[in-house]
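This is what each chain is made of:
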Amino acid sequence: MLDKAIIRKVPKVELHEHLDGGLRPETIIELAKERNVSLPSQDPSELREWFKRGCVQKSLSLYLETFSVTLSVMQDKEALYRIAKEEILDLAKEHVVYAEIRFAPELHTKQGMNLEEVVTAVLKGLEAGRKETGTEFGLILCAMRNEDPALSLEVAELAVAFSDRGVVGFDLAGDECGHPPKKHIEAFNYIRSKNFNITIHAGEAFGLESIWQAIQICHADRIGHGTRIIEDMTIENGEIVKLGSLAQYILDKRIPLEMCLTSNVGTGAVENYESHPFPMLFRNHFRVFLCSDNRLMSDTNLTKEMTIAVEKYGFTIQDLEKTTINAMKSAFIHHNKKLDIIYNTIKKEYAEIRYEYGL
């Protein structure tokens, strides 16, 4: 079995990571003191445990409650710059070679910043992190399901406007129940008309209809989570024996599914690691890969997610390489850049590690 030291060394690709879900507790405390924001605790260890409550207790309400605290210290340019830079620095520690970070700009305007100022501050921080570590990045702008569709269109327009400055895609996030993606169809139509990229949170807290709408009505290029696609399959003795039309379409069209093991267990999207559909989807050649979602709230990172795949599902180093290449193929960057990272970084470094450790 691969040990964690080896897993930490392998190159990784992160495509589903929320900026407001990955802060350092120490940074939250420092920013809160400077901005007179009250916190549940001033001790970094205690604060980290407070953020983990929802995941540990498998309570979605507790999980979501913690975001109000991170957002409270993310309302000015200086804070956003610092947090974005530290995001890249922390991902680089796990040897993430390419990352797509997502966030909802509208959630950072409570103290007077406009959407353009918010996005600019985050991009500057991410770029500073890239210069220091070499970790490449793209930024995804999220609209929120529960907001006015007119605001979603504004965020979509903003994403396209910043497409030459580091924004690579548009996402729809938030509570799936009662907020179908088709309500925001104007935003998605705008993105498509500009030949831009779409990923949509779907099939996490709601079923197949959410995934179907995301793909067939909103034309998502990727699906965030998508765990409920398992409901469109006939499974016997732990093996898929028949695919429904939606699952078959996703397989045939190579639609990527952004899988977040620890997050899904912690929010109750799946009961436990053993029942997560990821290994079954991987074995049946769906384009799936591992993501962190919210490193702070789920107390995870890509090294931990890969370690779970090794320990729970028997993944080999070849399997980890395959999932990493799946992710890189699915990234919202130009084809030639993907090939460069796949062949000159991912494949090269995996080959070196296999040789070094005799794997």
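Up top is the structure these notes are about.
All values reported here derive from a predicted model rather than from experimental measurement.

So, how was this worked out
- Residues numbered from 1 in each chain as written.
- Predicted model: local features only at pLDDT ≥ 70, side-chain atom pairs only at ≥ 80, totals over all residues.
- Heavy atoms only, no water.
- Helix = DSSP H or I, 4+ residues; strand = E, 2+ residues; numbered from the N terminus.
- Buried < 20%, exposed > 50% of the residue type's maximum accessible area, 1.4 Å probe, protein only.
- Pairing = 2+ DSSP bridges.
- Axes fitted to C-alpha atoms, helices over the stretch in contact; angles between N-to-C directions.
- Contact = heavy atoms within 4.5 Å.
- 1 Å grid on protein atoms, 1.4 Å probe; cavity = no way out; pocket = protein on both sides within 12 Å on 5 of 7 lines; lining within 4 Å.
- Points joined across faces, edges and corners; volume = space filled by probe spheres on them.
- Nonpolar A, V, L, I, M, F, W, Y, C, P; charged D, E, K, R; others polar.
- Disulfide = S-S within 2.5 Å.
- Parallel < 35°, antiparallel > 145°, perpendicular 65-115°, else oblique.
- Left-handed = near helix turned anticlockwise from the far one by under 90°.
- Lys, Arg positive; Asp, Glu negative; His and termini not counted.
- Salt bridge = Lys/Arg side-chain N within 4 Å of Asp/Glu carboxyl O.
- Polar contact = N/O pair within 3.5 Å; in protein donor to acceptor, adjacent residues only side chain to side chain.

## Here we look at unusual backbone geometry
Trans peptide bonds make up most of the peptide bonds, and negative phi angles are found at most residues other than glycine.
Reasoning step 1: In the Ramachandran plot, asparagine 36 falls in the positive-phi region, its phi being about 55 degrees despite a non-glycine side chain.
Reasoning step 2: Counting through the fold element by element, asparagine 36 comes out in the loop between helix H2 (25–35) and helix H3 (44–57).
Reasoning step 3: Positive phi outside glycine occurs at aspartate 293, with the angle close to 75 degrees.
Reasoning step 4: Along the polypeptide, aspartate 293 turns up in the loop between strand E10 (288–290) and helix H14 (302–313).
Reasoning step 5: Look at aspartate 293 and you get buried, because its relative accessible area is 4%.

## A few points about the sheet that holds strand E2 (residues 96–103)
Reasoning step 1: Read across the sheet, eight strands follow the order E1-E2-E3-E4-E5-E6-E9-E10 without closing on themselves; strand pairing throughout is parallel. Taken across any chain shown, the strands that pair with only one partner, and hence form the sheet edges, are strand E1 (12–18) and E10. Going across the sheet, the axis of each strand differs from the next one's by a mean of 25 degrees, ignoring polarity.
Reasoning step 2: Of the strands in this sheet, E2, strand E3 (136–144) and strand E4 (167–173) touch helix H7 (residues 115–133), which is tilted by about 155 degrees from E3.

## What about the layout of surface pockets?
Reasoning step 1: The space that makes up the largest pocket amounts to roughly 690 Å³.
Reasoning step 2: Taken together, 28 residues line the largest pocket, and the ones lying closest to its centre are Leu64, Phe67, Met144, Gly174 and Asp175.
Reasoning step 3: Counting only elements with at least two residues in the lining of the largest pocket, the list comes to helix H4 (60–65), helix H5 (67–72), E3 and helix H12 (261–267).
Reasoning step 4: Tallied by class, the residues present in the lining of the largest pocket amount to 13 nonpolar, 10 polar and five charged.
Reasoning step 5: Considering only enclosed or pocket space, the second largest pocket measures out at about 540 Å³ in volume.
Reasoning step 6: Around the second largest pocket, the lining comprises 27 residues; the ones closest to its centre are Val168, Asn197, Phe332, Ile333 and His334.
Reasoning step 7: Looking at the lining of the second largest pocket residue by residue, the classes come out as nine nonpolar, eight polar and 10 charged.

## Focus: the state of the cysteines
Reasoning step 1: Inspection of the entire model under this criterion finds zero disulfides.
Reasoning step 2: Summary of cysteine pairing: cysteine 55 is not part of a disulfide, and the nearest cysteine sulfur, belonging to cysteine 260, is at 11 Å.
Reasoning step 3: Cysteine 260 forms no disulfide, and the closest cysteine sulfur to it belongs to cysteine 291, at a distance of 4.8 Å.
Reasoning step 4: Overall, the relative accessible area of 0% leaves cysteine 260 in the buried class.

## Description of the packing of helix H8 (residues 149–161) against helix H9 (residues 185–193)
Reasoning step 1: Packing of H8 against H9 brings their axes to within 8 Å, and their N-to-C directions diverge by 15 degrees. Considering their axes alone, H8 and H9 lie roughly parallel with respect to each other. As H8 packs across H9, the resulting crossing turns out to be right-handed. From H8, Ser152, Leu153, Ala156, Glu157 and Val160 reach across to H9, where they touch Glu186, Ala187, Tyr190 and Ile191.

## What to know about the packing of helix H15 (residues 317–330) against helix H16 (residues 335–357)
Reasoning step 1: Viewed as axis vectors pointing N to C, H15 and H16 meet at an angle of 170 degrees, and their least axial separation amounts to 10 Å. Classified by the interaxial angle, the pair formed by H15 and H16 is roughly antiparallel. From H15, Ile317, Gln318, Leu320, Glu321, Thr324, Ile325, Met328, Lys329 and Ser330 reach across to H16, where they touch Lys338, Ile341, Ile342, Ile346, Lys347, Tyr350, Ile353 and Arg354.

## Quick notes on the side chain of glutamate 14
Reasoning step 1: Looking at the secondary structure, you find glutamate 14 in strand E1.
Reasoning step 2: One buried charged side chain, glutamate 14, makes no salt bridge at all; its nearest oppositely charged neighbour is arginine 295, positioned 5.9 Å away.
Reasoning step 3: Looking at glutamate 14, its side chain comes within polar contact range of the main-chain nitrogen of histidine 16, at 3.2 Å.
Reasoning step 4: The contacts of glutamate 14, once residues within four sequence positions are left out, are Val96, Tyr98, Ala99, Glu100, Cys291, Ser292 and Leu302.

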